[in-house]
Amino acid sequence: MTGGATQDLDLMLVVNGVRCQVTVDSGTTLLNVLRGELGLTGTRFGCGSGLCGACFVLVDARPTASCDLPASAAVGTNVVTVEGLSDGDKLHPVQRAFIEEQAAQCGYCVSGILVSAAALLAANPAPDEPAVLAALERHLCRCGAQRRMVKAVMRA
Ligand code: FES
Ligand code: FES
């Protein structure tokens with residue numbers, strides 16, 4: 001095989017509880033599948049190298065940079081995006097708290113932060129401030145809305 005060669009892969013993914021069959025190039029990231037193939041555009045592209053948190057989703061309940069994960073590596077896992085946090089029309093408590101605290105400005109970073117916060121709250125329903133800060137430390141917010149976000153997570 002020559003260096004850099006790619007091949008098409010047929011993958012079966014489970015995203016937000018739904019089985020999805022996709023055919024993608026072997027180098028395709030999970031983020032590109034979510035946004036480009038499945039239309040789940042709530043997950044954002046930021047740095048593209050695992051550093052900003054904008055693209056985070058849950059992979060088997062673990063906050064994960066989807067820009068940094070080959071889609072093939074998500075086969076056999078349960079992927080949850082920000083769209084999967086709510087239960088139909090019923091928002092996740094952390095989504096409600098973000099609205100109540102007005103915890104965003106442009107909103108670009110928020111979907112990644114919401115999934116990390118949801119993972120924290122699933123493991124620890126009453127986190128203290130250091131626990132919230134630790135859970136969100138991989139997320140950048142250029143708008144400086146972190147204070148309100150931490151407050152919102154504690155409220156949730
Ligand atoms: S876009 Fe994935 S961490 Fe920045
Ligand atoms: S609200 Fe704008 S980057 Fe966080």
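Residues numbered from 1 in each chain as written. Chains lettered and ligands numbered in written order. Predicted model: local features only at pLDDT ≥ 70, side-chain atom pairs only at ≥ 80, totals over all residues. Heavy atoms only, no water.

The next thing to look at is the nonpolar core. Formed by 30 residues in total, the largest nonpolar core has its most connected members in Val94, Phe98, Leu114, Met149 and Val153. Those elements giving two or more residues to this core turn out to be β3 (56–59), α2 (93–100), α3 (110–123) and α5 (146–155). If you tally residues by element for this core, the top one is α3, at 9 residues. Mapped onto the domain boundaries, this core takes at least three residues apiece from domain 1 (8–84) and domain 2 (93–155). Dropping the residues within four chain positions of it, Phe98 is found in contact with Ala103, Val110, Ile113, Leu114, Met149, Ala152 and Val153. Core analysis: the next-biggest nonpolar cluster, separate from the first, contains 16 residues, Val22, Val33, Leu40 and Val79 among them. (Core = buried A, V, L, I, M, F, W, Y, C linked by side-chain atoms within 4.5 Å. Buried < 20%, exposed > 50% of the residue type's maximum accessible area, 1.4 Å probe, protein only. Helix = DSSP H or I, 4+ residues; strand = E, 2+ residues; numbered from the N terminus. Domains from an automatic or database assignment. Contact = heavy atoms within 4.5 Å.)

Further remarks concern the sheet that holds strand β5 (residues 78–80). Read across the open sheet, the 5 strands follow the order β2-β1-β5-β3-β4; overall the sheet is mixed. Edge positions in the sheet fall to β2 (18–25) and β4 (62–65), since each of these pairs with one other strand and no more. This sheet shows a mean twist of 45 degrees between the axes of neighbouring strands, independent of strand direction. The pairing of β3 with β5 spans 2 bridges and is classified as antiparallel. Along β5, the bridge assignment pairs Leu58 with Val80. Sitting on the sheet, helix α1 (residues 30–37) is in contact with β1 (8–15), β2, β3 and β5, with an inclination near 110 degrees to β2. Here α3 sits on the sheet in contact with β3, β4 and β5, set at roughly 35 degrees to β3. (Pairing = 2+ DSSP bridges. Axes fitted to C-alpha atoms, helices over the stretch in contact; angles between N-to-C directions.)

Our next topic: the domain arrangement of the protein chain. Along its sequence, the protein chain is organised into domain 1 (8–84) and domain 2 (93–155). Here the C-alpha centre of domain 2 lies 21 Å away from the C-alpha centre of domain 1. Counting residues at the interface gives 18 residues for domain 1, matched by 12 residues for domain 2. Of the roughly 1,200 Å² buried between domain 1 and domain 2, counting both surfaces, carbon and sulfur atoms make up 57%. Contact with domain 2 buries area across many residues of domain 1, yet Arg44, Phe56 and Val82 alone supply 43% of it, more than any other trio. Counting across the interface, domain 1 meets domain 2 through 0 salt bridges. At the surface where domain 1 touches domain 2, the tally comes to 6 residue pairs in polar contact (both at pLDDT 80 or more). (Buried area = accessible area lost by both parts, 1.4 Å probe. Salt bridge = Lys/Arg side-chain N within 4 Å of Asp/Glu carboxyl O. Polar contact = N/O pair within 3.5 Å; in protein donor to acceptor, adjacent residues only side chain to side chain.)

So, on to the environment of Glu101. With respect to the secondary-structure elements, Glu101 resides in the loop between α2 and α3. For the pair Glu101 and Val150, spaced 49 residues apart in sequence, the C-alpha separation works out to 9.8 Å. When sequence neighbours within four positions are dropped, the list of residues in contact with Glu101 reads Arg148, Lys151, Ala152 and Arg155. In this structure the side chain of Glu101 is engaged in a polar contact, spanning 2.9 Å, whose partner is the side chain of Arg155.

The subject of this paragraph is α3. If you check α3, its first and last C-alpha atoms are 20 Å apart, about what 14 residues at 1.5 Å a residue would give, namely 20 Å. Taken across its 14 residues, α3 has 12 buried, putting it largely inside the fold. Burial in α3 covers these residues: Val110, Ser111, Gly112, Ile113, Leu114, Val115, Ser116, Ala117, Ala118, Ala119, Leu120 and Leu121. Close packing links the buried residues of α3 with β3, β4, β5, α2, α4 (129–135) and α5. (Expected span 1.5 Å × (residues − 1).)

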